Amino acid sequence: MDDLAQTPLYDLHVELGAKMVPFAGYSMPVQYPLGVMKEHLHCRAQAGLFDVSHMGQVILSGDSWDAVALAFERLVPMDVLGLEDGRQRYGFFTNDAGGIEDDLMFARRGDDLFVVVNAACKVADVARMRAALEPEITVTEITDRALIALQGPGAVDVVAAMDGRAADMRFMDVRDLDLGGVPVWASRSGYTGEDGFEISVPEAQAEALVRKLLDHEAVEPIGLGARDSLRLEAGLCLYGHDISAGTTPIEGALIWAIQKVRRDGGDRAGGFPGSAVILEQLSGGAGHKRVGLLPEGRAPMREGTPLYDAETEGAPVGQVTSGGFGPSVGGPVAMGYVSQNLSDVGTSLWGEVRGKRLPVTVAKLPFVAPNFKR
Amino acid sequence: MKFTEEHEWLREEDGEMVVGITIHAAEQLGDVVFVELPEEGTTVSKDDEVVVIESVKAASDILAPVDGEITEVNSALADNPGMVNDDPQGEAWFFKMKISDESQMADFMDEAGYQKFIG
């Protein structure tokens, strides 16, 4: 455990009785004494507090917003230029083969772009941005701020009680707030399918702020275990599992994240890594596709479970990339890749679990209705 | 009640052994969401995988503690796997078995021995 990094909230996790596990080079809480199932259900019912300080926070700055946005558009197939001040979008870095190098959130803060990337990819992401954008754009990795998420239907009341300006933020708005004297960068977003906030806070004040949030009756700390089941029920991808350098956005069913202006016929079509492959697949489709999967019985179908289109014999037609028990669904849920011709909702397939093929149906994502404040 | 190093308990009842997992094992597993039980009448050898337990975290196998025949399974667990967390050493037994070789019981620990084993 010696070489694992710690977030500014490490001591607090230990004090709260968290079970700490290695994750992306950090010692992170996988669960607290409440346990994964109750943490998950608590977050959907009230509010859950997550430490996501292991994720990378990066600021891109340059001569003007246009310069920053157009530079970043060289790395992602998103409309960055059209992002209004105080708004955030989901996006991903692509590679020359059209694969996804990482997925991310980017927000416009004045003329700067604030990017949040996955912990496991952050070193590569920062290197990629520096190589492609410097010296025109200054790439600054923020290492003195923690990142926390407060998620669930009760989150807004907790945050708004500390700064009323939080109340009228809409989904994907970003705003500077003052939470009891602590200046934070807040976004109304998250990765659970619930309403809530992600809050970037100076590391020296992170623990005090989190203690204050946890003082609320409605708020419980939530570990990585429940974070995974929450995002799976919400149909959200886990990078390195549901999407990777070997899957394109079309295969990953993330077409919605590529705005029209970057597609064929758009004003700034293409111009990102792998654009030839991605634009071609946008019109022609891909051979296989990420779908939701609802196992019929109670047995979870976990990552790696092979999928078949028949109860006996035949070669696999796909496999599960994320799967487990969905506490809010009350049964197993999964997502995975299947051949394009088997990707329609309602298609009957079989997943092989411990040598037995069990029925599973292609299902609509998300498994739980999102609760965003649009 | 006797305990195995695989964190199972065995309790004699009407000439048969009732088998389950310990409180310690249930705590380690986390919330149990699925239990797959063997068929009644199955003849098993010590260390055969007889039960699959899935928790929110992962799948684990329960091994037959001794040679014998599975005479009864606790089918209530299939519908309510959470019983394993609520009452692992009581209501949430997994199966009963008829033992074929009593001498295999000699290896097992008593409660105090098991407490020491798990530290």
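One can find the structure itself at the top, above this paragraph.
Residues numbered from 1 in each chain as written. Chains lettered and ligands numbered in written order. Predicted model: local features only at pLDDT ≥ 70, side-chain atom pairs only at ≥ 80, totals over all residues.

What follows is about the overall build of chain A. For chain A, the helix and strand inventory stands at eight helices and 19 strands. Expressed as a percentage of its 374 residues, the buried residues of chain A come to 48%. Within chain A, counting contacts between residues at least 6 apart in sequence, those at least 24 apart form 66% of the total. (Helix = DSSP H or I, 4+ residues; strand = E, 2+ residues; numbered from the N terminus. Buried ≥ 20, exposed ≤ 12 C-beta atoms within 10 Å, placed from the backbone. Contact = placed C-beta atoms within 7 Å.)

Taken together, the contact pairs nine residues of chain B with eleven residues of chain A. For the side of chain B that touches chain A, the element with the highest residue contribution is strand β4 (residues 32-36) of chain B, accounting for three residues. Grouping the constituent residues of the side of chain B that touches chain A by class yields four nonpolar, one polar and four charged. (Nonpolar A, V, L, I, M, F, W, Y, C, P; charged D, E, K, R; others polar.)

Bringing the pairing of strand β5 (residues 88-94) of chain A into the picture now. Moving residue by residue along a regular strand, the side chains alternate between the two faces of the sheet. All names here are of chain A. Among the seven residues in β5, five count as buried, and that is most of the element. Note that β5 and strand β6 (residues 100-109) share seven bridges and pair antiparallel. Across the sheet, residue Y90 finds its bridge partner in β6, namely M105. (Pairing = 2+ DSSP bridges.)

Residue and element names in this part refer to chain A. Compared with an ideal rise of 1.5 Å per residue, which puts twelve residues at 16 Å, helix α4 (residues 122-133) spans 16 Å between its outermost C-alpha atoms and is within 8% of the ideal. Regarding α4, the residues found buried are K122, D125 and M129. Down the axis of α4, the buried side of the element spans an arc of 60°, and every buried residue falls inside it. For α4, exposure combined with an orientation more than 90 degrees from the buried face picks out A127 and A131. Those residues of α4 that are buried lie in contact with β4 (56-61), β5, β6, β7 (112-117) and β8 (138-142). (Expected span 1.5 Å × (residues − 1). Arc of directions from axis to C-beta.)

Moving on, we come to the environment of W93 of chain B. Residue and element names in this part refer to chain B. Of note, W93 is situated in the loop between α3 (83-86) and β9 (95-99). Assessed through the 24 C-beta atoms surrounding it within 10 Å, W93 is described here as buried. Sequence separation between W93 and V18 is 75 residues, and the spatial gap between their C-alpha atoms is 6.7 Å. Each residue touching W93, except ones within four places of it in the same chain, is listed here: V18, V19, G20 and N74.

Strands belonging to one sheet form pairs held by backbone hydrogen bonds; the direction of such a pair is parallel or antiparallel. Residue and element names in this part refer to chain A. Pairing is mixed across the open sheet formed by six strands, whose spatial order is β10-β11-β12-β9-β3-β13. Strands with a single pairing partner mark the edges of an open sheet, and in this sheet they are β10 (174-179) and β13 (219-221). In this sheet, adjacent strand axes meet at a mean angle of 30° when their direction is disregarded. Pairing between strand β3 (residues 47-51) and β13: three bridges, direction parallel. The partner of L49 across the bridge, within β13, is P221. In the packing of helix α6 (residues 203-214) onto the sheet, the strands contacted are β3, β9 (145-151), β10, β11 (182-187), β12 (196-202) and β13, and the crossing angle to β12 comes to about 145°. (Axes fitted to C-alpha atoms, helices over the stretch in contact; angles between N-to-C directions.)

All right, on to the packing of helix α2 (residues 36-45) of chain A against helix α7 (residues 224-233) of chain A then. To describe two helices that pack against each other, one gives the angle between their axes and the distance between the axes. All names here are of chain A. Where α2 meets α7, the axes come as close as 8 Å, and the angle between the chain directions of the two elements is 55°. By the angle between their axes, α2 is oblique relative to α7. Handedness of the α2/α7 crossing: right-handed. The segment α2 lies against α7, with V36, E39, H40 and C43 engaging G225, A226, S229 and L230. Its residues placed into classes, the contact of α2 with α7 shows four nonpolar, three polar and one charged. (Parallel < 35°, antiparallel > 145°, perpendicular 65-115°, else oblique. Left-handed = near helix turned anticlockwise from the far one by under 90°.)

Scope: geometric values only; no functional claims are made or implied.
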